[in-house]
Amino acid sequence: MKKICLPLIIAAALASVLSCGPSSYMLAVDMRKASDSGLDLLGKDVAVMYLDRGDTTTLNSRFTKAFAEGLSLSVSDANNGSENVFVYRLPYEEGTDYACKDSLVSLLMTVNSDAIFLLDPVELPLAVCRGRSGACRVSLHVYDAMNRRDQVFLFSSTAQLNDGVSGSDVRRKALKAGRDFAANFHPNWEREHFTILYYEQNEWIEAANCADRLDWQEAMKHWLKCLDTRNLLRRSSAAYNMATACFMLGDFDLALEWLDSSDKDCKLSISDPLRQRIRKALQTR
């Protein structure tokens, strides 16, 4: 997640102090979402395998290998935390169904990865090999062992190759084509706003400042101390903030528990929107 820097203006909350209710401010955060492919590779070890028909000196073989390398580099760069992306060559054997789930699971276990990308051999059109502009078809089979849908995904596209491909520039053009194709697996970012509640007391102010820095673990330490009160509204506010922090840290089940606790003490008007966010996240994780 990325914070959009907004000033934490405490002085603007004087009216709230007089009414004994909590002050609040909106924290704008760029939230990481799934890629256009629907897959999220953050923190996962990914193996990229390419099928090779045998002669590694041909343009087709060299293009396929470099395409796989470009794909792996771009996937790794875009998914910081998905640092372990390895490229493997797999000799192609006629009659073998490499794209079926059983085959991919077997390959996945062999290389001990969380997800596997299997690239079909790329066949460059004859015109492209003779220096004319054209396009080649690319097919990629993906299996993510941590994806709850538990299926093989097929991604196909065409790579446009201007002025053809020659032995001297095949690697450069294939690397670029692989990187371009990898954009399907880059995470999307969506700006969202979260409400942080606080009171004009040191513990609350410290917690709010931690939240403003996206230091959720430290903020939670302060909010836990704020829960030690008989004031139901204050206790509800602290529990609500705890729910927000758990949501931001990806612990959606615990976020719901804290929100239930907040509602039990004093139902806040901002509770339902946060609950909807949490439930949506639970459905898509």
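Below, the structure is looked at part by part. (Residues numbered from 1 in each chain as written. Predicted model: local features only at pLDDT ≥ 70, side-chain atom pairs only at ≥ 80, totals over all residues. Heavy atoms only, no water.)

1. Here we look at the overall build of the chain
The line we're drawing: Note on conventions: DSSP H or I runs of at least 4 residues are helices, E runs of at least 2 residues are strands, and numbering of each starts at the N terminus. For each residue, the accessible area found with a 1.4 Å probe, counting protein chains only, is set against the maximum for its type, and the residue is called buried under 20%, exposed over 50%, and partly exposed in between. By definition in these notes, contact holds between two residues if any of their heavy atoms fall within 4.5 Å. Note on areas: Shrake-Rupley with a 1.4 Å probe; residue coverage comes only from the protein chains shown. Charge assignment: positive for Lys and Arg, negative for Asp and Glu; neither His nor the chain ends contribute. A charge is said to be at NZ when it belongs to Lys, at CZ for Arg, at CG for Asp and at CD for Glu.
Helices and strands together make up the secondary structure of the chain, namely 10 helices and 8 strands. Viewed in the frame of its principal axes, the chain has a C-alpha envelope of about 80 × 40 × 25 Å. Counting the 285 residues in the chain, one finds 46% classified as buried. Counting only contacts in the chain whose residues sit at least 6 apart along the sequence, the fraction spanning at least 24 positions is 71%. On the chain, roughly 14,600 Å² of surface is accessible, and the fraction owed to carbon and sulfur atoms is 49%. Here the chain holds 34 positive side-chain charges and 37 negative ones, and the gap between their average locations is 3 Å.

2. Focus on the packing of aromatic side chains
Each aromatic ring pair is described using two quantities: the centre-to-centre distance and the angle formed by the ring planes. Counted only if it meets this: Paired rings are identified among Phe, Tyr and Trp, the last through its six-membered ring, by centres lying within 6.5 Å, and are further divided according to the angle between planes into stacked (under 30 degrees), edge-to-face (over 60) and tilted (the rest).
For the coordinates displayed, the defined rule picks out 11 aromatic pairs. For the ring pair F117 and F185, a centre distance of 4.8 Å and an interplane angle of 45° mean the geometry is tilted. Taken together, the residues span a long stretch of sequence, with F117 in strand β5 (residues 115-119) and F185 in the loop between α5 (170-182) and β8 (188-198) at a distance of 68 residues. Residue F117 shares its accessibility class with F185, and that shared class is buried. Put simply, the rings of F63, F67, F117, F153, F155, F181 and F185 touch in pairs and so form one group of aromatic residues.

3. Examining unusual backbone geometry
Despite not being glycine, N112 has its phi angle at roughly 55°, a positive value. Relative to the helices and strands, N112 is located in the loop between α3 (101-111) and β5. The residue D150 is not glycine, and still its phi comes out positive at about 50°. Tracing the backbone through its elements, the reader meets D150 in the loop between β6 (134-144) and β7 (152-161).

4. Section: the packing of helix α8 (residues 232-248) against helix α10 (residues 271-284)
How we decide: Between N-to-C directions, angles cover 0 to 180 degrees, with each direction set by a line fitted to C-alpha atoms, over the stretch in contact for helices. We call two directions roughly parallel when the angle between them is under 35 degrees, roughly antiparallel when it is over 145, roughly perpendicular when it lies between 65 and 115, and oblique otherwise. For any pair of crossing helices, the crossing counts as left-handed if the nearer helix is rotated counterclockwise from the farther one by less than a right angle, and right-handed if it is rotated clockwise. Under this grouping Gly is polar, as are all residues other than the nonpolar Ala, Val, Leu, Ile, Met, Phe, Trp, Tyr, Cys and Pro and the charged Asp, Glu, Lys and Arg.
Contact geometry for α8 and α10: axes closest at 11 Å, N-to-C directions at 25°. Between α8 and α10, the angle is such that the two are roughly parallel. You can see that α8 and α10 cross each other, and the crossing is left-handed. Along the contact surface, α8 presents Y240, A243, T244 and F247, while α10 presents S271, L274, R277, I278 and A281. In the contact of α8 with α10, the residues fall into 6 nonpolar, 2 polar and 1 charged.

5. With respect to the pattern of salt bridges
What counts here: For salt bridges, the criterion is a side-chain nitrogen of Lys or Arg within 4 Å of an Asp or Glu carboxyl oxygen.
For the structure on display, the rule yields 19 salt bridges. Where E218 meets K221, a salt bridge forms, and the shortest distance between an N and an O atom there is 3.5 Å. Here E218 pairs with K221, and both are found in helix α7 (residues 216-226), just 3 residues apart, close to one helical turn. Its salt-bridge partner being K267, residue D272 comes within 3.3 Å of it at the nearest N-O pair. A residue is classified by how much of its surface remains accessible, and K267, at 47% relative accessible area, is partly exposed. Each of the salt bridges in this network shares a partner with another, and the network as a whole consists of K33, E192 and R277.

6. Quick look at the state of the cysteines
For clarity, the cut-off: For this text, the term disulfide refers to a pair of cysteine sulfurs within 2.5 Å.
By the definition in use, this model includes 0 disulfides. Left without a disulfide partner, C210 is nearest to the cysteine sulfur of C226, which lies 11 Å away. We classify C210 as buried; its relative accessible area is 2%.

7. Points about the sheet that holds β5
Cut-off, in case you're wondering: Two strands qualify as a pair provided DSSP detects at least 2 bridges between them.
Read from one edge of the open sheet, 5 strands run β4-β3-β5-β6-β7, paired in mixed fashion. Edge positions in the sheet fall to β4 (85-91) and β7, since each has one partner strand and no second. Put simply, the sheet's adjacent strands are angled 25° from each other on average, direction ignored. Contacts from helix α2 (residues 59-78) reach β3 (46-52), β4, β5, β6 and β7 within the one sheet, and its direction differs from that of β3 by about 170°.

8. A look at the packing of helix α9 (residues 252-265) against α10
When two helices pack together, their arrangement is given by the angle between the helix axes and the distance between those axes. In the contact formed by α9 and α10, the axes pass within 10 Å of each other and the chain directions differ by 160°. The pairing of α9 with α10 is recorded here as roughly antiparallel in orientation. For the pair α9 and α10, the crossing hand works out as left-handed. Contact with α9, carried on its side by F252, D253, A255, L256, L259, D260 and D263, involves S271, L274, R275, I278, A281 and L282 of α10 and no other residues of that element. Looking at the contact of α9 with α10 residue by residue, the classes come out as 8 nonpolar, 1 polar and 4 charged.

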